[in-house]
Amino acid sequence: MTEQPPADSAGTREPSQIMPNAYWAFLALNHKPYLEYARVLLGDEKEAADAVHATFVHLAAIWAHLTMQPNMAAYAWAQHKLLVADELIISGREPAASETMAFDRAIRAASCAVLRDFREQFRAQMDELENSIGLYAAMDRLPERQFDVMVLCYALKYTTKQTADTMGVTPATVRTLRCSARRRIAKEMGLDIELGIEDEE
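Computed from a predicted structure; not experimentally measured.

Draft legend 1. A look at the overall build of the protein. Of regular secondary structure, the protein possesses 10 helices and 0 strands. For the protein, the succession of helices and strands along the chain, N to C, is α-α-α-α-α-α-α-α-α-α. Expressed as a percentage of the 201 residues in the protein, the buried residues total 46%. In the protein, of all internal contacts separated by at least 6 residues, the share reaching a separation of at least 24 is 63%.

Next comes the structure, spelled out in structure tokens:
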């Protein structure tokens, strides 16, 4: 029989030392990227820390179920994103609304890095365009996984492998998502460019 983590005074189950080593290894590997992603989207260090804490308490409670998943990392990442969305709702913000401060902050954080990248590669066109507003709008319309990749790779400067490990996908998938996102953004911004699959790591 699996022993449950003890409850704190508020009734929340807390991970304890009785959790298996694999749990603590998973926490050590993922705590930083989970926290940084939550901080970008929530825009508040304490809210981000609370969301990550809630994630790992939840993962401790469902650990046996989690270890039976065909892709633990992807399942846990999805759980974390749900809890970040819950934090937005609790604070009175809609997680899917582009006009929220949190998502605006996330879009801008990634967009600034993307804009620098585009400037370096396509200086002449970017000098003429310099349309950061169009870039924010294009980022906002990215599909969910493309958006996650752009935030992790550009705003948080994670490598392809780190991003893949965090999201529970392969490095090839990250490169494809990143390339697709950059193509989509470039097309929406009217940049006449041809982007190939990157493989910088």
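Draft legend 2. Structural context of the side chain of Asp148. By the element assignment, Asp148 lies in helix α8 (residues 144-155). A distance of 3.4 Å separates the side chain of Asp148 from the side chain of Trp77, its partner in a polar contact. The residues contacting Asp148, other than those within four sequence positions of it, are Tyr37, Trp77, Lys81 and Met167.

Draft legend 3. Just the pattern of salt bridges, in detail. Counted under the stated rule, the structure contains 4 salt bridges. With a closest N to O distance of 2.9 Å, Lys46 and Asp50 form a salt bridge. In this pair, Lys46 and Asp50 both sit in helix α2 (residues 45-61), 4 residues apart, roughly one turn of the helix. On the accessibility criterion, Asp50 (33% relative accessible area) is partly exposed. Among the salt bridges present, the one from Asp165 reaches Lys161, with a minimum N-O distance of 2.8 Å. One end of the pair, Asp165, and the other, Lys161, are both in helix α9 (residues 160-167), 4 residues apart, so they sit about a helical turn from each other.

Draft legend 4. Fine view of the packing of helix α1 (residues 21-42) against α2. It is at 8 Å that the axes of α1 and α2 come closest, and there the two elements cross at 145 degrees. For α1 against α2, the interelement crossing comes out right-handed. Of the residues in α2, those in contact with Tyr23, Phe26, Leu27, Asn30, His31, Tyr34, Leu35, Ala38, Arg39 and Leu42 of α1 are Glu45, Glu47, Ala48, Ala49, Ala51, Val52, Thr55, Phe56, Val57, Leu59 and Ala60. Split into classes, the residues belonging to the contact of α1 with α2 amount to 15 nonpolar, 3 polar and 3 charged.

Draft legend 5. Layout of the packing of aromatic side chains. For the structure shown, the criterion picks out 6 aromatic pairs. Site record: aromatic cluster; members linked through ring pairs are Tyr23, Trp24, Phe26 and Trp63.

Draft legend 6. Seen up close, the packing of α9 against helix α10 (residues 171-189). Relative orientation of the contacting elements α9 and α10 amounts to 105 degrees, with a least axis distance of 8 Å. For the element pair α9 / α10, the angle class is roughly perpendicular. On α10, the residues touching Thr160, Thr163 and Ala164 of α9 are Pro171, Val174, Arg175 and Arg178. Here the residues of the contact of α9 with α10 sort into 3 nonpolar, 2 polar and 2 charged.

Draft legend 7. Representation of the environment of Gln79 in the model. If you trace the backbone, Gln79 turns up in helix α4 (residues 72-90). Residue Gln79 is classed as buried on the basis of its relative accessible area, which comes to 16%. Among residues more than four places away in sequence, those in contact with Gln79 are His58 and Leu59.

Analysis parameters
- Residues numbered from 1 in each chain as written.
- Predicted model: local features only at pLDDT ≥ 70, side-chain atom pairs only at ≥ 80, totals over all residues.
- Heavy atoms only, no water.
- Helix = DSSP H or I, 4+ residues; strand = E, 2+ residues; numbered from the N terminus.
- Buried < 20%, exposed > 50% of the residue type's maximum accessible area, 1.4 Å probe, protein only.
- Contact = heavy atoms within 4.5 Å.
- Polar contact = N/O pair within 3.5 Å; in protein donor to acceptor, adjacent residues only side chain to side chain.
- Salt bridge = Lys/Arg side-chain N within 4 Å of Asp/Glu carboxyl O.
- Axes fitted to C-alpha atoms, helices over the stretch in contact; angles between N-to-C directions.
- Left-handed = near helix turned anticlockwise from the far one by under 90°.
- Nonpolar A, V, L, I, M, F, W, Y, C, P; charged D, E, K, R; others polar.
- Phe/Tyr/Trp six-rings, centres within 6.5 Å; stacked < 30°, edge-to-face > 60°.
- Parallel < 35°, antiparallel > 145°, perpendicular 65-115°, else oblique.

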